[in-house]
Amino acid sequence: MAKSLGLRLNREYSSQVLKDTFRKLNPVEMIHNPVMMVVEIGTVVTLWLTFEAPGAGSRSYDALVTVILFVTILFATFAEAYAEARGRAQAEFLRRTKSSTTAKVLGPDGAIAVTDSSKLTKGMRAVVDKDEVIPGDGVIIEGVASVDESAITGESAPVVKVAGDAVTGGTTLISDRLIIEITVNQGESFLDRMIALVEGAKRQKTPNEIALSALLGVLTLIFVLVVVTLAPIARFYGPGATNTTTLVALLVCLIPTTIGALLSAIGIAGMNRVSQVNVVAKSGRSVEAAGDIDTIILDKTGTITVGNRMATEFYPVANTSLDDLAEAALLSSMADTTPEGRSVVDLARENLSLKVLPKAVGEPIPFSAHTRMSGIDLADGRQVRKGAVNAILALVSDSHKELETFAEQVARQGATPLAVAVDNHALGVICLRDVVKPGLKERFREFREMGIRTVMATGDNRITAAVIAEEAGVDDFIAEAKPEDKISLIRSEQSQGKLVAMTGDGTNDAPALAQADVGLAMNSGTMAAKEAGNMIDLESNPTKLLEVVMVGKQLLITRGALTTFSIANDVAKYFAIIPAMFAAVPTLHLLEGMNVMGLKTPHGAILSALIFNALIIPALIPFAIRGVKYRAESSDKMLARNIFNWGVLGVIIPFVGIWGIDRILGLFGLS
Amino acid sequence: MSISTMLTWTVVLAAFLLLIKPMGNYIAKVFTFQPTILDKPFTALENGIFRVIGVSRASNMTARQYGVALLATNLLFAVLGYAALRLQGALPFNPQHLGAVNPQLAFNTAASFATNTNWQAYSGENTMSYFSQFGVLSYLQFVTPATGGAAGIAFVRAMSGRKLGNFFVDLTLMCTRLLLPLAVIVTLILVGQGVPETLGGYLHAHTLAGQTQTIPRGPIASWESIEHLGQNGGGYTNANSANPLENPSALSNIVEILSMGLLPVGFFYAFGAMTGKRRLAWTLTSVAGGFFLIMLALTYFPEAAGNPIINSLGLATHGNMVGKELRFGMGGTSMFETSTMAFTTGSVASAHDSFLPLSSLSFFIGMFLNMVFGGKGVGLLNMLMFVIITIFLMGLMVGRTPEFLGKKIETKEVTLASIAFLLHPFLILVGTALAVYTPAGMQGVFNPGPHGLSEIIYGFASGAANNGSAFGGLGAALPFYEIAIGIVTIIGRYASIMAMLLIGQSLLAKKSLPETSGTMHTDTPLFGGILFGSIIVLNALTFFPIMALGPIAEQYLMLAHHLF
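What you are looking at is a predicted structure, and each value in this text was computed from that prediction instead of being measured.

Trainee: Where do I start with the overall build of chain B in this structure?
Mentor: When its secondary structure is counted, chain B shows 19 helices and 4 strands. Taking 2.2 N^0.38 as the reference for a compact globule, 564 residues should give roughly 24 Å; the C-alpha atoms of chain B span a radius of gyration of 23 Å, in line with that estimate. In terms of overall dimensions, chain B has a C-alpha envelope of 75 × 60 × 50 Å along the principal axes. Taking all 564 residues of chain B together, the buried fraction comes to 59%.

The structure is reproduced here in structure tokens:
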């Protein structure tokens, strides 16, 4: 999806980006960004000075400064417009699925009235037939049908929905007929929220962004103060000691233009990264909060484990070979289409090194709650059975002892034993266990390193829970968990000042989702759960919570890194500009001694610093959009690495950059 | 480097290292109301005071109440001081029969002593009676540093999860438990070194040349002790600690240096003791200590190398001894001046105006940073202000909302801290700009070239940092400077205290977050380094241009043998 969006961006949006880049120059819009507003005012001042300039030499200098300043602002507005366009491309994609749907509204008298989907309101009932688009978010009150949700989730396999399930507007019914009750008014649906958020139209600044803006505002004020007082102070050396154009250039170099230009792009891009993993956040605040999470509560089934128990081992009794047991198990499960049954077949094939399945001729015996076993009556008369250990024991005539020992052994590992028998002889035990999703253990280890505690919630007994917890590498677990237990866990963590994230899909998860600081509801879940959470995963993949936490952290790191870089850059700019700006003042020309970069001419030095200041903005746009590189590690390591990358290099790079630009300007006779 | 220099430095630095922990623990005990050895002599007295003013030891105030109490009390101090100076002629202990102090001077003096700046527009020996010296000015020298210390304590309490406390209780305890006992000890040592402590009149001596000389005396030792213990810095006599009667020997010099630093350094450790973050206290101490050593080196080495112009003439010198006292030598002088600028005391044992440009840069660093331990309590507040700004800037880079001691640093704290940071350069830069821009200000400039500009900057920096020392040569007695520096002094003193109290209250109200491996640790050498670097960068960005026009330009001119 991201790739196709990129392509679309090139064709359809480049003109829009260009238009927005200039539209954003409007001071009314610019006022929200005090740093760039100062640059804009500076540009107007130097433009005026260009016209007022006394001679050709100073006029061309003033004009050059004006042009560079103007380009600096354009880079800033472009960054924002570009980030917005990327979001808009994504929104457009969603909106296309949404537009021009008709709805068949079911009246109280049973009559059907056709209307536009935009006229639907909460509580209305609508009928949806095969191949029609579901007109709005709602709950199924009648019918069973398969729904193609690929428009939203990108997942092509249709999903079966039954009464009580939630459906999303914009998805398509591919079989049967449904009656749904609309649960949200138009404009409030998930699609609407997602569109508004990714477009950045409804973007509200998040708490950290506000705090950072405040700091940037005060820093700008300090630099305005430094530069504005410099003019009268320098008068100590004579009335013409400073040049206004140069002062403006110095000011623009000093104020944190890099972060000022990219701050809103970082925020917009952060939201986009969340929606790129198909998560709808109801606010930017919750994405940022995800970065601060201390504890994550995860359901075992479906989140940590693949959701079904799998056969992992055979335990044959003394006088039976492993192959015999495997074969019996295979035969008994041939007709078993449940994931558990399939896993028995897979394990047996692996044990017997079979490439193709043998053909079993006979009468399959399906599982029933009464017999608690299933199997097959083969054509050769053999009766193969697998089932609960107790049920099989009641069936066979052998000694129970060995089988019971195996069953106990398996249960102690937190797994489920299934006994296998042929006729009246018990052959052994199959071990069924929960299998942890691949890669999770690694993920949890990373989280632990970042100081995030993972807690697994499961309805299993303590033994089973402990085994899975150990296997998955979570820090803690709650066994035999009831929904209330989750809430009390969240509350107790929160009372210690921790921020808690959780996923959930059931109605009984809703209170816990609401209580959690970050509640990721599954799109496949109930309406109540979706209302309670502050994010919704359209793909209904609970592990997604981990991605969201990463995005949240990356968002904060990117802001911090670019701010640090912006401020660190100023050191070199001082060394470029201060000696240059006083070069013409009799007693102060000796400050040339501070020109450590060996910049050729005063004007060239100032222009080089200013050009560097402008160019660094587009150079950092990729970091703003993609976020700075982020890996899971302890805070101290991360801090050390980022301080080096953005702080230390932030001091060094501009020395090299300004020197280089000065050389290039020299080629054109500008320095 | 001479033996005496090495010895002086070693003794002073070792003494600080040894004293920081016991002093800090003692301060922490006093202000968390734990038993100390001074309970016996003072508890009854304090309880009497508390009964009279109607407060209880354990009562608490909000940041606003604390701030209002602080401001109102300080205003009262200034008014009482002014009245007493105006009535000097009618008050006792006036053997020289000095008359009433004139209104402007009485105002200037009362305001300057009330803000712990102790900028002196008079010569004590010719203007002040004994009563004015020990009854009025010495009194202010106790209560105003106590005010700053109390503000620091209130903030530290908030950071340690306690309520802010009661200003009047803290003010009283600062005097009874810290300043008075220490002042008694230091006074006795100084008397032992020959500093006068008498109410007898001035002496009239006959010199070898057959002339008569008036030698001013008075209760000098007691003045000297609180002058330094409270980082006050106003001299009993005009020559301040360069006068042999105030600072007679190398030993008294060391005692005065230690008196200046003891409490500011102790407050850094008390912060760790009260919050339970002793490692953090050592981190902050190392950062401030690092700046102290840089200042010391910057003060000493250029002076020891001597003036390059004189050196080039082939006149062998023992460094630049202009304006320095031989009894302290280069080492003792540089340590004293570094201390007086680092701890924002403002007393001087030499003529700052006569230092070489690079050395004077060290004085500016002390006043600009204002947290190289700084005045007791206040210096710590300034350090923590930088800590908050640094944590916010750098803390984002670990991917969490920045937090300090388990409290989130959000918009309110960042805004208050950065405004507190802004204020200091604002006062200095705007003051200097006004002085250069207006004829009234330029009237006081007698030195042409960069040095003249440095003198103006020094005056405003000294006022804003509540230092009180002066770069001689500036006509500071002009109405322009009296008024402008007076205003700078008052804003510089109270505005940042208020901002920090509000930050303290705001942090106190927040939920405390547990520390995890994802939390940015502030008690590590890494953070110390980052803090050190960001303090340098933030201050360099603000003050680099005026330093380039002042001392740095002067240095380049000197190297080019350019004389004025």
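Once the structure has been displayed, the description carries forward.
Trainee: What is the right way to look at the overall build of chain A in this model?
Mentor: The helix and strand inventory of chain A stands at 22 helices and 22 strands. Computed over its C-alpha atoms, the radius of gyration of chain A comes to 33 Å, more than 25% above the 26 Å expected for a compact globule of 671 residues. Dimensions of chain A, computed from the C-alpha atoms along their principal axes, are close to 115 × 65 × 50 Å. Burial statistics for chain A: of 671 residues in total, 54% are counted as buried.

Trainee: Help me understand the interface of chain B and chain A, please; the structure alone is not making it clear to me.
Mentor: Size of an interface, as often reported, equals the accessible area lost when the parts are brought together. Each side of the interface is counted separately: chain B has 52 residues, and chain A has 57 residues. At the level of elements, α14 (378-395), α15 (411-437) and α19 (525-559) of chain B are the ones that each hand at least two residues to the side of chain B that touches chain A.

Trainee: How do you make sense of the packing of helix α1 (residues 3-31) of chain B against helix α9 (residues 250-275) of chain B when you look at a structure like this?
Mentor: Relative orientation and spacing of two packed helices are given, respectively, by the angle between their axes and the distance between those axes. Residue and element names in this part refer to chain B. Look at α1 against α9: their axes get within 6 Å of each other, and the N-to-C directions meet at 40°. Taken together, the axis directions place α1 and α9 in an arrangement best described as oblique. As for the relative orientation of α1 and α9, their crossing is right-handed in sense. Its residues placed into classes, the contact of α1 with α9 shows 21 nonpolar, 6 polar and 1 charged.

Trainee: Looking at this structure, how should I read the domain arrangement of chain A?
Mentor: Residues and elements named next belong to chain A. Once the domains are mapped, chain A shows domain 1 (2-90 + 197-276 + 549-667), domain 2 (292-304 + 437-537) and domain 3 (310-434). Once you take the C-alpha centre of each, domain 2 and domain 3 turn out to be 35 Å apart. At the interface, 5 residues of domain 2 touch 4 residues of domain 3.

Trainee: What is the right way to read the environment of A126 of chain A from this model?
Mentor: All names here are of chain A. Mapped onto the secondary structure, A126 falls in strand β3 (residues 125-128). The exposure class assigned to A126 is buried, which follows from the 24 C-beta atoms found within 10 Å. Separated by 19 residues in sequence, A126 and G107 place their C-alpha atoms 8.6 Å apart. In contact with A126, other than residues within four places in its own chain, are A103, K104, V105, L106, L120, P135, I180 and I182.

Trainee: How do you make sense of the confidence of the model for chain A when you look at a structure like this?
Mentor: Regions with low pLDDT should not have their predicted coordinates read in detail. The predicted model of chain A averages 85 in pLDDT, with 93% of residues at 70 or higher. Ignoring residues within four places in sequence, the model shows residues 1-8 of chain A, a span with pLDDT below 50, making 6 contacts including any to other chains.

Trainee: Help me out: how do you make sense of the domain arrangement of chain B in this one?
Mentor: Residues and elements named next belong to chain B. If you check the domain split of chain B, you get domain 1 (21-275) and domain 2 (375-559). Once you take the C-alpha centre of each, domain 1 and domain 2 turn out to be 25 Å apart. Tallying the contact residues gives 37 residues for domain 1 and 32 residues for domain 2. Breaking the side of domain 1 that touches domain 2 down by element, the ones donating at least two residues are α3 (63-86), α4 (103-114), α6 (130-159) and α9. Per element, the largest residue contribution to the side of domain 1 that touches domain 2 is 11 residues, and it comes from α6. Split into classes, the residues belonging to the side of domain 1 that touches domain 2 amount to 20 nonpolar, 17 polar and no charged.

Trainee: What should I look at first to understand the sheet that holds strand β8 (residues 172-173) of chain A in this one?
Mentor: Remark on secondary structure: sheet strands pair via backbone hydrogen bonds, oriented parallel or antiparallel. All names here are of chain A. Pairing in this open sheet of 3 strands is antiparallel, and the strands run β6-β5-β8 from one edge to the other. Edge strands, defined here as strands with exactly one partner in the open sheet, are β6 (159-161) and β8. Examined bridge by bridge, strand β5 (residues 145-148) and β8 share 2 bridges and lie antiparallel to one another. When the bridges of β8 are listed, D148 appears paired with T172.

Trainee: What is the right way to read the nonpolar core from this model?
Mentor: The tendency in soluble globular proteins is for nonpolar side chains to be buried side by side. A79, L262, A501 and L610 of chain A together with I388 of chain B are the most contacted members of the largest nonpolar core, which totals 353 residues. When residues in this core are grouped by element, the largest group, 21 residues, is from helix α20 (residues 544-581) of chain A. A329, I376, V410 and L427 of chain A belong to the second largest nonpolar core, which has 36 residues in total.

Trainee: Just to check I follow, could you spell out the packing of α15 of chain B against helix α17 (residues 450-464) of chain B for this structure?
Mentor: Residue and element names in this part refer to chain B. Relative to each other, α15 and α17 sit at 145°, their axes nearing to 9 Å. α15 and α17 meet at a crossing whose hand is right-handed. Contact residues: H424, L427, I428, G431, T432, A435 and V436 in α15; I456, I457, F460, A461 and A464 in α17. A breakdown of the residues in the contact of α15 with α17 according to their chemical character gives 9 nonpolar, 3 polar and no charged.

Trainee: Explanation requested: helix α10 (residues 284-291) of chain A in the structure shown.
Mentor: Each turn of an α-helix holds 3.6 residues, which means side chains three or four residues apart point in the same direction. Among the 8 residues of α10 of chain A, 7 are classified as buried, and the element is accordingly described as predominantly covered. When we look at burial in α10 of chain A, the residues that qualify are G284, S286, V287, E288, A289, A290 and G291 of chain A.

Trainee: When you look at helix α8 (residues 244-254) of chain A in this model, what are you seeing that I'm missing?
Mentor: Counted residue by residue, α8 of chain A has 10 buried out of 11 residues, so it is predominantly covered. Looking at α8 of chain A, one finds that the buried residues are T245, T246, L247, V248, A249, L250, L251, V252, C253 and L254 of chain A.

Trainee: Teacher, can you tell me more about the pairing of strand β18 (residues 453-457) of chain A here?
Mentor: Side-chain direction in a regular strand flips from residue to residue, so the side chains alternate between the two faces of the sheet. All names here are of chain A. Burial analysis of β18 places 5 of its 5 residues in the buried class, which makes it a mostly covered element. Along β18, one buried face is formed by R453, V455 and A457 and the opposite face, lined by T454 and M456, is buried too. Here strand β11 (residues 295-299) runs beside β18; their pairing, made up of 5 bridges, is parallel. Residue pairing for β18: I296 is matched across the bridge by T454. Relative to strand β19 (residues 476-478), β18 runs parallel, the two sharing 3 bridges. Bridged to V455 within β19 is D476. At this point the chain moves from β18, through helix α16 (residues 462-472), to the parallel β19, and the crossover so formed is right-handed.

Trainee: Mind showing me how you'd approach the sheet that holds strand β10 (residues 279-281) of chain A here?
Mentor: All names here are of chain A. A sheet is described by the order of its strands in space; here 7 strands give the open sequence β10-β22-β21-β20-β11-β18-β19, paired in mixed fashion. The sheet terminates laterally at β10 and β19, the two strands that pair on one side only. Across the sheet, the axes of successive neighbouring strands diverge by a mean angle of 20°, strand direction being ignored.

Trainee: I tried to follow the environment of R443 of chain A on my own but got confused; where do I start?
Mentor: Summarising the element assignment, R443 of chain A is placed in helix α15 (residues 440-449). Linking R443 of chain A and K19 of chain A, residues 424 residues apart in sequence, is a C-alpha distance of 43 Å.

Trainee: How do you make sense of the pairing of β11 of chain A when you look at a structure like this?
Mentor: Residue and element names in this part refer to chain A. β11 sits mainly inside the fold: 5 of its 5 residues count as buried. On β11, burial covers both faces: T295, I297 and D299 on one face and I296 and L298 on the other are all buried. Relative to strand β20 (residues 500-504), β11 is paired through 3 bridges, and the arrangement is parallel. Within β20, the residue paired with T295 across the bridge is V500.

Trainee: I tried to follow unusual backbone geometry on my own but got confused; where do I start?
Mentor: The bulk of non-glycine residues show a negative phi, and the bulk of peptide bonds are trans. All names here are of chain B. With a phi angle near 60°, F33 is a residue other than glycine that sits in the positive phi range. Here F33 shows up in the loop between α1 and α2 (39-53). Despite not being glycine, N240 has its phi angle at roughly 60°, a positive value. With respect to the secondary-structure elements, N240 resides in the loop between α8 (220-229) and α9. With 24 C-beta atoms counted inside 10 Å, the residue N240 sits in the buried group.

Trainee: When you look at the confidence of the model for chain B in this model, what are you seeing that I'm missing?
Mentor: Residue and element names in this part refer to chain B. When pLDDT is averaged along chain B, the result is 91, and 99% of the positions lie at 70 or above. At the level of individual helices and strands, chain B shows its lowest average pLDDT in helix α5 (residues 124-127), which scores 83, and its highest in helix α7 (residues 167-192), which scores 96. Across the interfaces of the predicted complex, the ipTM metric reaches 0.92, alongside a pTM of 0.86.

Thresholds applied
- Residues numbered from 1 in each chain as written.
- Chains lettered and ligands numbered in written order.
- Predicted model: local features only at pLDDT ≥ 70, side-chain atom pairs only at ≥ 80, totals over all residues.
- Helix = DSSP H or I, 4+ residues; strand = E, 2+ residues; numbered from the N terminus.
- Rg over C-alpha atoms; globule rule 2.2 N^0.38 Å.
- Buried ≥ 20, exposed ≤ 12 C-beta atoms within 10 Å, placed from the backbone.
- Contact = placed C-beta atoms within 7 Å.
- Axes fitted to C-alpha atoms, helices over the stretch in contact; angles between N-to-C directions.
- Parallel < 35°, antiparallel > 145°, perpendicular 65-115°, else oblique.
- Left-handed = near helix turned anticlockwise from the far one by under 90°.
- Nonpolar A, V, L, I, M, F, W, Y, C, P; charged D, E, K, R; others polar.
- Domains from an automatic or database assignment.
- pLDDT = per-residue confidence, 0-100.
- Pairing = 2+ DSSP bridges.
- Core = buried A, V, L, I, M, F, W, Y, C linked by C-beta atoms within 7 Å.
- Right-handed = clockwise from strand over helix to strand, strands pointing away.

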